[in-house]
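# Examination of the molecular architecture
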Amino acid sequence: MTRAIPVLIIFNLMAVIAAMMWGDQSIAWSDLANAVIGKASPELQMIVIEFRLSRAILALLAGAGLAVAGTISQTVMRNPLAEPGVLGINAGAALVASVVIIAFSGVSPAVLPWAGFAGAVAMAAAVYALSWKRGTSSIRIILVGIGLSAFAGAGTSFLTAFGNVVDVQRAMIWLSGSVYGADWSKVHGLLIWLAAPLALSWFCSRQLDLIRFGDDVAAGLGQNVNMMRAFLILLCTLISGATVATVGLVGFVGLIAPHIASRIAGPSHRALIPVAGLTGSLLLLIADIVGRTVIAPAQLPAGIVTALLGAPFFAYLLKGRRHV
Amino acid sequence: MTSFRRPPATEGQFHSRRAEFSRAALLVLAIAGLLVSAILAIMAGQNPISPSTVLSAIFQFDGSRDHLVVTLLRLPRIAAAMIAGAGLAVSGAIMQAVTRNPLASPGLLGINAGAAFAVVASLTLFGASVGNAQVWYAFAGAALAATCVFFIGSVGRIGATPLVMVLAGAVVATFLTSLTTAILIFDQTTLDAVRLWTVGSLSGRTMEQVLAVAPYTLAGLAGSLMLARHLTTLSLGTDVATALGQNAAFWRGLSVVIVILLSGSAVALVGPVGFVGLVVPHIIRLTISVDYRWIIPFSAVIGAFMVVVADLAGRIILANQSFPVGVTMALIGAPFFLWLARYRTGADKS
């Protein structure tokens, strides 16, 4: 475990350097070094620092956030399929974003992140409130999440089927998740928003280890299960809500990164959470690099490439696996 | 502690003759309800048709306008709804039993994603001339995707365990969905042509299409009824099932074949609808029984009933022939399901 983290950090750094060098205009090592220390020409400075570096950092942050949120929700729900979307976060964000893009197509796109965040948080709150009955239980949260997501999904489907086809296409791009148009203000925003919840979830790693055993065992070991579950769900909602609001729906990272991480780091959350975060950030950054270089000058949304790259890789990981 | 007393009849109730009898009666009632709703759905519409005309159109077709409406438009539509509802609900129940995961649905085998990808790819490659063949593309895509999932899930050394299969399914499904989205983002014509289908639509189904997939559905339903007893054992987990003398790997493989038959044909007909397969088995489990010998037949009937009623509601209340049934179904079904999930689950189940 102690070895995995430095190795992953090095991989992440290498990916950031690659992200700065590759693109429509390839940049040589010497120019890159100059740009980093601020001695390159203004255009080069602009490309490397303003466009590519900010975009790479945004991908790192979003990937880490999604992966940690996925780890939390899989543990709290005790379900290997429970990505944060189970809490209705994706369905809520998708519905509100589709309404904004398709039904009010005149509204400025600057509203989108806020609308997405509001939708995500509102849905998660509704799921939690509806599943509260003298305490919560994982299965009830899952069932209520399925129901509410289906309800919101019906609204999204309706808009998709009957909206103006140009707007539908725009909504699809937003919904599939991308780090287009990244700039430093977005990076700062996401960083400020994620820093505290990410740190808190690492401090909760012992509680996460406990709650995975089941309500009875966790309570027997002295945990206030309902309080802890509520707090962990709140963390998960904040993290993935903010991420979804900034980059759209990148579903695959939250599902797969925790599984890859638990294969590398084992079940203890003290190691699992940082490894998952680093895996997720690496996954999303590589996906973004591939997405904007393979069919340049066109770009594929990172969310799509994540699945295209991650799926075969994960299938390969499953292959050698003896115990699951 | 004093108030804690086990309900005296719990143990016996599960197997008692009386409970079995009342469940059988309920099943008969549900089938009757399904038939009535189907006939109502054939009668109702912008051009109401009397029950006797419906019957004579089916048995003594004379080519009049009403008879044509019944046989060419409404009957195929209702038949497609029933096939799709029954197939999706039963395969959802099987998936949830096999994977032991309440989040499992036929889509988890890659069925929906495979079908959608095949249809979108065929439309992009060959244009709108696909027509009736669309059903076969969808079916083939669904079957291929599910087979991939099963093989990826079984290459490990311990065979297809539920968790590996589920993860492999999620991976393949996401992969194919991403490919589909990538195509649609660049191809507006196909998006326009296919978007109604992707949310589940019953408009414009022909009897030819229905008859083409019906044999697969019927075979799948028959197979699932025979499978039901083994599913209950399988849903207890591989260890228990093995200890009880079950060849878990064999029955799991057979289950996958049946799921491919049922939901492949359903998705081919109405498009990738998720809600029925996910929710109907839960509804049955929450209201009727946790025994798969009951869950399977009830799922078939209630699933078909839900799709027929949702389509009827779309046509009558919204007066729109092409309103996607997937949307109406979720709008009607989701609140009911939420109510069930809230009031019929215990306070401390994990």
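What you see is a predicted model; the values in this text were computed from it and never measured.

### A short note on the overall build of chain B
Counting its secondary structure elements, chain B contains 14 helices and zero strands. Walking chain B from its N terminus toward its C terminus, one meets helices and strands in the order α-α-α-α-α-α-α-α-α-α-α-α-α-α. Counting the 350 residues in chain B, one finds 53% classified as buried. The contacts of chain B with a sequence gap of at least 6 include a subset with a gap of at least 24, amounting to 76%.

### Thoughts on the overall build of chain A
Counting its secondary structure elements, chain A contains 14 helices and zero strands. Computed over the C-alpha atoms, the radius of gyration of chain A is 20 Å, within 12% of the 20 Å expected from 2.2 N^0.38 for a compact globule of 324 residues. Oriented by its inertia axes, the alpha-carbon framework of chain A measures out at about 65 × 50 × 35 Å. Split into buried and exposed, the 324 residues of chain A put 58% on the buried side.

### Focus on the interface of chain B and chain A
If you look at the interface, chain B gives 49 residues, while chain A gives 50 residues. Per-element accounting of the side of chain B that touches chain A gives the leading share, 15 residues, to helix α7 (residues 162-186) of chain B. Each residue belonging to the side of chain B that touches chain A can be placed in one class, and the counts come to 32 nonpolar, 11 polar and six charged.

### Focus on the packing of helix α5 (residues 111-126) of chain B against helix α6 (residues 134-154) of chain B
Residues and elements named next belong to chain B. Running from N to C, α5 and α6 cross one another at 135°; their axes reach a closest spacing of 7 Å. Here α6 runs oblique to α5, going by the angle between their axes. Viewed along their axes, α5 and α6 form a crossing whose handedness is right-handed. Of the residues in α6, those touching α5 at Ile111, Ala113, Gly114, Ala115, Phe117, Ala118, Val119 and Ser122 are Gln134, Tyr137, Ala138, Ala140, Gly141, Ala142, Leu144, Ala145 and Ala146. Counted by class, the contact of α5 with α6 contains 13 nonpolar, four polar and no charged residues.

### Re the nonpolar core
In terms of nonpolar packing, the biggest core is built from 240 residues, with B:Ala142, B:Val172 and B:Val308 touching the most fellow members. Not counting chain neighbours up to four residues away, the residues in contact with B:Ala142 comprise B:Ile111, B:Gly114, B:Ala115, B:Ile260, B:Ser263, B:Gly264, B:Val267 and B:Ala268.

### Quick look at unusual backbone geometry
The residue A:Arg78 is not glycine, and still its phi comes out positive at about 50°. Take A:Arg78: it is sitting in the loop between α3 (42-77) and α4 (89-103).

### Some points on the packing of α4(A) against helix α5 (residues 111-130) of chain A
All names here are of chain A. At their nearest, the axes of α4 and α5 sit 7 Å apart, and the two run at 140° to each other. When the interaxial angle is binned, α4 and α5 end up oblique. In terms of crossing hand, the pair formed by α4 and α5 is right-handed. Facing α4, whose interface residues are Ile89, Ala91, Gly92, Ala93, Leu95, Val96, Ala97 and Val100, α5 presents Val111, Leu112, Ala115, Gly116, Ala118, Gly119, Ala120, Ala122, Met123 and Ala124. Of the residues assigned to the contact of α4 with α5, the class counts are 15 nonpolar, three polar and no charged.

### Points about the environment of B:Cys148
Looking at where B:Cys148 falls in the secondary structure, it is placed in helix α6. In this structure, B:Cys148 is in contact with B:Gly110 and B:Val172, ignoring residues within four places of it in sequence.

### Regarding helix α11 (residues 248-270) of chain B
Here α11(B) is 23 residues long and its end C-alpha atoms lie 32 Å apart, about the 33 Å a rise of 1.5 Å per residue gives. For α11(B), a buried count of 17 out of 23 residues is recorded, marking the element as mostly surrounded by other parts of the structure.

### Notes on α5(B)
The end-to-end C-alpha distance of α5(B) is 22 Å, a good match for the 22 Å that 16 residues give at a rise of 1.5 Å each. Tucked into the core, α5(B) has its buried residues touching α6, α7, α8 (188-198) and α11 of chain B.

### Concerning the confidence of the model for chain A
Overall, the predicted model of chain A reaches an average pLDDT of 84, with 96% of residues at or above 70. Helix α14 (residues 302-319) of chain A is the least confidently modelled element of chain A, averaging 73 in pLDDT, while helix α13 (residues 269-293) of chain A averages 90, the highest of any element.

### Observations regarding the confidence of the model for chain B
Residue and element names in this part refer to chain B. Looking at chain B, the pLDDT average stands at 80 and 89% of residues meet or exceed 70. The least confident element of chain B is helix α1 (residues 10-15), whose mean pLDDT is 48; the most confident is helix α13 (residues 292-316), at 89. Across residues 1-13 the pLDDT falls below 50, and counting only partners more than four positions away or on other chains, this stretch makes one contact in the model.

Cut-offs used in this document
Residues numbered from 1 in each chain as written. Chains lettered and ligands numbered in written order. Predicted model: local features only at pLDDT ≥ 70, side-chain atom pairs only at ≥ 80, totals over all residues. Helix = DSSP H or I, 4+ residues; strand = E, 2+ residues; numbered from the N terminus. Buried ≥ 20, exposed ≤ 12 C-beta atoms within 10 Å, placed from the backbone. Contact = placed C-beta atoms within 7 Å. Rg over C-alpha atoms; globule rule 2.2 N^0.38 Å. Nonpolar A, V, L, I, M, F, W, Y, C, P; charged D, E, K, R; others polar. Axes fitted to C-alpha atoms, helices over the stretch in contact; angles between N-to-C directions. Parallel < 35°, antiparallel > 145°, perpendicular 65-115°, else oblique. Left-handed = near helix turned anticlockwise from the far one by under 90°. Core = buried A, V, L, I, M, F, W, Y, C linked by C-beta atoms within 7 Å. Expected span 1.5 Å × (residues − 1). pLDDT = per-residue confidence, 0-100.

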